[in-house]
Amino acid sequence: MNEYFSNGRFRRLCLKELRESLRDRRTLFTLVLMPILVYPLLSMALQRLVISSVGKAKAESELVIGVVDEDILVKFRAMFAEATKIVEAGFVSPILVERTSDPKNASPLQGVNKEEEDTFPAFEIVTSDEESLARGLRDGVVDLLITELRFESIPLERGASPSYEIQARFRQNDLRSERALSQMRRATQVINDYQSELIRKRLDSKLPVTVSFKATGIMEQTDLSSSIAGVIPLVLILMTITGAVYPAIDLTAGERERGTMEALIATPAPRFALLLSKYVAVVSVAVLTALANLFATWMTLSFGGLGQALFGKSGFSLWTLLQILPLLVIFACFFSAILLALCSFARSFKEAQAYLIPVMLLSLGPGLVTLMPNVQFTTTLAIVPLLNILMLSRDIMTGQSSLVPAFAAIFSTIIYACATLVVASRLFGAEAATSGSQESWSELLGRPKKRQMLPDIGELFIYLAILFPLFFVASNLGGMFALKGSWALFFNAAFLFLLFLIFPLSFAWYRRVDIPNTFLLTEGVGKGGPLSLRVGRYFGYVLGVLLLSAGLWMVAFEAYLLFESWSLASQLTEEDKERLKADFLAVPFWVVVLTGAIAPAIAEEFFFRGFVLSAFRSKLSGFRSVLFSSVLFGLFHVIAGSVLSLEKFLPTIILGLAIGYVALRTGSLWPGILLHALHNGLIFTMSRFTEQDLAKWFGADSKHIPVTWMLGGGAAIAAGVALLFVSSLRKNVNEVPI
Amino acid sequence: MISAEKLTKQFNVRGVPLVAVNNLSFRVASGEVYGLLGPNGAGKTTTLRMIMGLLEPDSGYVEISGVRSTNKSFDIRKKLGLISTSDGVYPWLTVREMLMYFSDLYAVDPPIARSRLEDLVGLLDLRNFIDQRCSTLSTGQKQRVTLARGLMHDPPVMLLDEPTRGLDVVGSQAIFRFIDLLKQRGKVVLLSTHRLDEAERVCDRFGLLHRGNLQFEGTLSELQHATGKPHLVDMFVALLNTPNEMSPQT
């Protein structure tokens, strides 16, 4: 198999596929012409939408002002009567004249006011309680909400002067609301200017009335900008799909239609290599399409002035663009795999198109969901393919994205992409080879006839695609049932057993994978032999593991602090941490040891060092297998309920590498379970001490482990590794079965 | 050398078992052209697929130069060349790109592939269109490209699956010349066809396949002797009329 991935051969295979796609006029059409055509049209349509809503605001001159009580109503009317009187008397506020004549300040919103300079628009005034008015303001029924309008006497030089003090709320970036606000500002301005004019000219002997005005904009997204923030990712994603569709059909079903498929699968090149090269080409075209579309969107929004109108002053920034791009790439990876799987199943272009149309329509469903402004991007939605990327892009564009669902969305999408790719590679060429597509399906999903020594990587990804959503939902369930203390920990341990031990064992049984070999349940390296040798070996293993665990926790602890110093630690506040610690201390220690050390050690070792490591071992070298399984081990630990514990990533990978080494070296799962349990147990023991205790041991005001300790830990690790190495190095040692 | 030993393959067609190939054994030596003959549905394609390792036989095995196809199908496939009528070309690649692509799929080193390409350009007269896109080629030119593709990895064994189906006289002649060329180069040639007249012209030995069973095997004169019929066509007609009572293979 490596022949095809070396010496640039794989690169040449990819290049051929890419060349074939990019020379095709139909690909180029979707890649270049579509963005050029679609975006200006879209932009024109949106412009119309904005203009018509401006027009609407102008035509419906009755702006709705909400006031919270009768008292305010009376004062409001009085104030406006005053302002109207001044304006109708022909008084022109000098500041307003200045402002409207300055073209830089003349926003489209203010432009509307120009014709109304000699009068005020008619207002419709509604009175209700503050809560329902605030709701009305959010929903766009009320345009301006006056929460306070006080008429007070403020002492001035020449005695008490009557003054208005107003507080109001409005919707930001909403045309009607901003217009109501500007009218309100204008009224106060007119009164103030008129009074100062009177004072200046000493025309009035009465005390001047002054108005102070404060307005708070509510950050509620308006319907228009929110739905457009939803439309843009949807359009981008649909366009990315469009870019990928044609190459996907052409490179798979097209091979069959042209009659090149049979020659292709008769070659010794592994099907996975063939499909992977096609996948690279499809993803490349999809990403190129995404880039072209993203650029066109950015151009349209920036230079059409729409961006500012929709996304506030900063507009559709380059930073937003850079955040959306990786999402589109991940999405392209996922959807290209889906397209390849579907098209590999099809025998002709027409059949492929027939399969794709329902998929395209289905993907519109989640798109419509993102258009609803009230749908929040929750953790549960984060594992729904397609929808998660759409929601995440929407939230990034409106600046509301949060870390946990973002991580879950990206991680799950990558897993789904890998699993789909595995399916695609099994389906690709299967029809041509077996003259019956049913066989390929049963090969993929059914129970195989033959026994396998190890699961393969494909099976791992299919299992992960099932496991990850379950894991994610389950890790949030505890919170949902409001489980506390010991119960939460027992629940946690139970689902660990289910997902990491019982399910993988059942899956392995179903796929006829050799369970003792996969889960390293045999006696391990060097089985048998005289009793004295065996006892010596086990003693060596146990002592080696004890030494390793004595040093490892320090490394993990320091790695944790390192991540914390990069301020990558969880977004918990100090109060949260205190509360969590108090909760934790309330749980009996035996429960902590049972559910936090022993249960995870058994369940996770069965999965990560059993199933996962073995699946990687079926194709890769021992070192790479340990590395990849550890990264996966780390990633699963980052998700803990509804918080993202990035600080756990590095320590968990280090632990994974150590246990992976132990598992492969000894050929048995048990020493690793012991190491894992000891490690977790030590870490939990540490966390039961207060910071004062730690300071007593580590030396004054140092959070870090003292150097002498670290040296001791390092020596223990070295001794442990050496002991394990020597113990498993016996003359009658058998190779780890692969 | 190809050696098929007691190959059996059964399919399930809507739940009904159908024996596609039944206990089939034959051998083809180097420099020999063996015709695997039979009407449509006789089991020719299934046999070829088992030889290529694309299908796993229910029982029996195939050996190519001593390597069993069930165990190391990747090694086997390197030794096999396949040409069939339905073979197409990549419209957007040039002839050179397509041939180099296939040499990559067979893991031929690029310098060797380039010199072999030059060789085939002369042999199959590809000079005039070697750098043209395949979509611009005529049917005859496409056919020559396909033949070149089958030889890019210089396989010792060549499988020809209905190579003349749909071709005119000129096209068929080109195939015959190609088979002669293969024979001269000492390749093992397995020709699967239902065009019995053509088979008579080019094959050294024949195997007559019917309903998955090898009914007769031998040279033309041996077959004539065994059946008492002068031509393959007559033998087949007799075979089709009495499908189950015929004597087993000679």
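Reading guide: rules and limits
- Residues numbered from 1 in each chain as written.
- Chains lettered and ligands numbered in written order.
- Predicted model: local features only at pLDDT ≥ 70, side-chain atom pairs only at ≥ 80, totals over all residues.
- Helix = DSSP H or I, 4+ residues; strand = E, 2+ residues; numbered from the N terminus.
- Buried ≥ 20, exposed ≤ 12 C-beta atoms within 10 Å, placed from the backbone.
- Contact = placed C-beta atoms within 7 Å.
- Pairing = 2+ DSSP bridges.
- Axes fitted to C-alpha atoms, helices over the stretch in contact; angles between N-to-C directions.
- Nonpolar A, V, L, I, M, F, W, Y, C, P; charged D, E, K, R; others polar.
- Left-handed = near helix turned anticlockwise from the far one by under 90°.
- Parallel < 35°, antiparallel > 145°, perpendicular 65-115°, else oblique.
- Expected span 1.5 Å × (residues − 1).
- pLDDT = per-residue confidence, 0-100.

J.: What is the right way to read the overall build of chain A from this model?
T.: What chain A contains, in helices and strands, is 29 helices and seven strands. Considering chain A as a whole, with its 738 residues, one finds that 41% of them fall into the buried category. Look at the contacts in chain A between residues 6 or more apart in sequence, and 80% of them connect residues 24 or more apart.

J.: Where do I start with the sheet that holds strand E3 (residues 33–37) of chain B in this structure?
T.: Strand pairing in a sheet relies on backbone hydrogen bonds. The paired strands run either parallel or antiparallel. Residues and elements named next belong to chain B. One open sheet accounts for six strands, arranged E6-E7-E8-E3-E9-E10; its pairing is mixed. Whereas interior strands pair on both sides, the edge strands pair on one side only; in this sheet they are strand E6 (80–84) and strand E10 (213–218). Ignoring strand direction, the axes of neighbouring strands in this sheet form an average angle of 15°. The pairing of strand E7 (residues 157–161) with strand E8 (residues 188–193) spans five bridges and is parallel. Across the sheet, the residue bridging to Leu160 is Leu191, located in E8. With respect to the sheet, helix H5 (residues 139–151) is in contact with E6 and E7, its orientation differing from that of E6 by roughly 165°.

J.: Teacher, can you tell me more about the interface of chain A and chain B here?
T.: A common way to report how large an interface is uses the accessible area buried once the components associate. On the chain B side, the residues contacting the 23 residues of chain A number 25 residues. Sorting the residues of the side of chain A that touches chain B by element identifies helix H1 (9–22), helix H10 (261–265) and helix H17 (430–434) of chain A as the ones contributing at least two each. A per-element tally of the side of chain A that touches chain B places H1(A) first, with six residues. Among the residues forming the side of chain A that touches chain B, the class breakdown is eight nonpolar, five polar and 10 charged.

J.: Got a minute to help me understand the packing of helix H24 (residues 589–617) of chain A against helix H27 (residues 670–687) of chain A in this structure?
T.: Packed helices, taken two at a time, are described by the angle their axes make and the gap between the axes. All names here are of chain A. Orientation of H24 relative to H27, taken along the N-to-C sense of each, is 145°, at an axis distance of 8 Å. At the point where H24 passes H27, the crossing takes the right-handed sense. Mapping the contact onto sequence places Val592, Val593, Gly596, Ala597, Ile598, Pro600, Ala601, Ile602, Glu604, Glu605 and Arg609 in H24 and Gly672, Ile673, His676, Ala677, Asn680, Gly681 and Phe684 in H27. Looking at side-chain class alone, the contact of H24 with H27 contains 10 nonpolar, five polar and three charged residues.

J.: When you look at the packing of helix H13 (residues 318–345) of chain A against helix H16 (residues 403–427) of chain A in this model, what are you seeing that I'm missing?
T.: Residue and element names in this part refer to chain A. Interhelical geometry of H13 versus H16 gives an angle of 20° and a closest axis separation of 8 Å. In this view, H13 runs roughly parallel relative to H16, as classed from their interaxial angle. Where H13 crosses over H16, the two elements pack in a sense that is left-handed. Of the residues in H16, those in contact with Ile330, Cys333, Phe334, Ala337, Ile338, Leu340, Ala341, Ser344 and Phe345 of H13 are Ile410, Thr413, Ile414, Tyr416, Ala417, Thr420, Leu421, Val423, Ala424 and Leu427.

J.: What is the right way to look at the sheet that holds strand E2 (residues 16–28) of chain B in this model?
T.: All names here are of chain B. With antiparallel pairing, the four strands of this open sheet are ordered in space as E2-E1-E4-E5. On the outer flanks of this sheet lie E2 and strand E5 (67–68), each paired with one strand and no other. Sheet topology places strand E1 (residues 2–13) next to E2; nine bridges connect them, and they run antiparallel. Counterpart to Asn12 in the pairing with E2 is Pro17. Taken strand by strand, helix H1 (residues 44–52) contacts E1, E2 and strand E4 (59–64), and its axis lies near 120° from that of E1.

J.: What exactly am I supposed to notice about the pairing of E6(B) here?
T.: Sheet faces and side chains relate simply in a regular strand, where the side chains alternate between the two faces. Burial analysis of E6(B) places five of its five residues in the buried class, the great majority of the element. Residues Leu80(B), Leu82(B) and Ser84(B) line one face of E6(B) and the alternating positions Gly81(B) and Ile83(B) line the opposite face, and both faces are buried.

J.: Got a minute to help me understand H16(A) in this structure?
T.: Note on helix geometry: an α-helix contains 3.6 residues per turn, so any two residues three or four positions apart are oriented the same way. Taking 1.5 Å of rise per residue, the 25 residues of H16(A) would be expected to cover 36 Å, and the 36 Å separating its terminal C-alpha atoms lies within 8% of that figure. Across the 25 residues that make up H16(A), a large majority, 21, are buried.

J.: Looking at this model, I keep getting lost on the environment of Gly712(A). Mind explaining?
T.: Tracing the backbone through its elements, the reader meets Gly712(A) in helix H29 (residues 707–727). Between the C-alpha atoms of Gly712(A) and Ala550(A), which are 162 residues apart in sequence, the distance is 8.9 Å.

J.: Looking at this structure, how should I read the confidence of the model for chain A?
T.: For residues with low pLDDT, the predicted coordinates do not support detailed interpretation. Residue and element names in this part refer to chain A. On average, residues of chain A carry a pLDDT of 77, and 75% of them reach 70 or more. The low-confidence segment residues 153–160, where pLDDT is below 50, has nine contacts with residues more than four positions distant or belonging to other chains. The model gives residues 731–738 a pLDDT under 50, and that stretch makes 14 contacts with residues more than four places away or in other chains.

J.: Would you mind showing me how to read the confidence of the model for chain B here?
T.: Residue and element names in this part refer to chain B. Scored by pLDDT, chain B has a mean of 84; 94% of the residues are at 70 or more. Least confident of the elements in chain B is helix H9 (residues 232–241), whose mean pLDDT is 78; most confident is helix H3 (residues 95–105), at 93. Taken together, the stretch residues 245–250 has pLDDT below 50 and engages in 10 contacts with residues farther than four places along the chain or on a different chain. For this predicted complex, the interface score ipTM comes out at 0.87, while the overall pTM is 0.68.

J.: Explain unusual backbone geometry to me, please; I cannot follow it from the model alone.
T.: Glycine aside, the phi torsion of most residues is negative, and most peptide linkages are trans. Even without being a glycine, Leu520(A) presents a positive backbone phi close to 50°. Along the chain, the position of Leu520(A) falls in the loop between helix H21 (515–518) and helix H22 (531–565). If you check the backbone angles, Asp125(B) has positive phi at about 60° while not being a glycine. With respect to the helices and strands, the residue Asp125(B) is situated in the loop between helix H4 (110–123) and H5. Overall, the presence of 12 C-beta atoms within 10 Å leaves Asp125(B) in the exposed class.

J.: Help me out: how do you make sense of the pairing of E3(B) in this one?
T.: Residue and element names in this part refer to chain B. Most of E3 sits out of view: five of its five residues are buried. Judged by which residues are buried, E3 turns out to be covered on both faces: Val33, Gly35 and Leu37 on one side and Tyr34 and Leu36 on the other are all buried. Here five bridges tie E3 to E8, and the two strands are oriented parallel to one another. When the bridges of E8 are listed, Tyr34 appears paired with Leu190. As judged from the four bridges shared by E3 and strand E9 (residues 205–210), these two strands associate in the parallel manner.

J.: Looking at this model, I keep getting lost on the environment of Lys44(B). Mind explaining?
T.: Residues and elements named next belong to chain B. In this structure, Lys44 sits in helix H1. Classification of Lys44 as buried rests on a count of 25 C-beta atoms within 10 Å. Setting aside residues up to four positions removed in sequence, Lys44 forms contacts with Leu36, Gly38, Ser192 and Leu209.

J.: Can you help me understand the environment of Ile502(A) in this one?
T.: Residue and element names in this part refer to chain A. Take Ile502: it is sitting in helix H20 (residues 485–510). Judged by the 12 C-beta atoms lying within 10 Å of it, Ile502 is exposed. Sequence separation between Ile502 and Phe606 is 104 residues, and the spatial gap between their C-alpha atoms is 9.3 Å.

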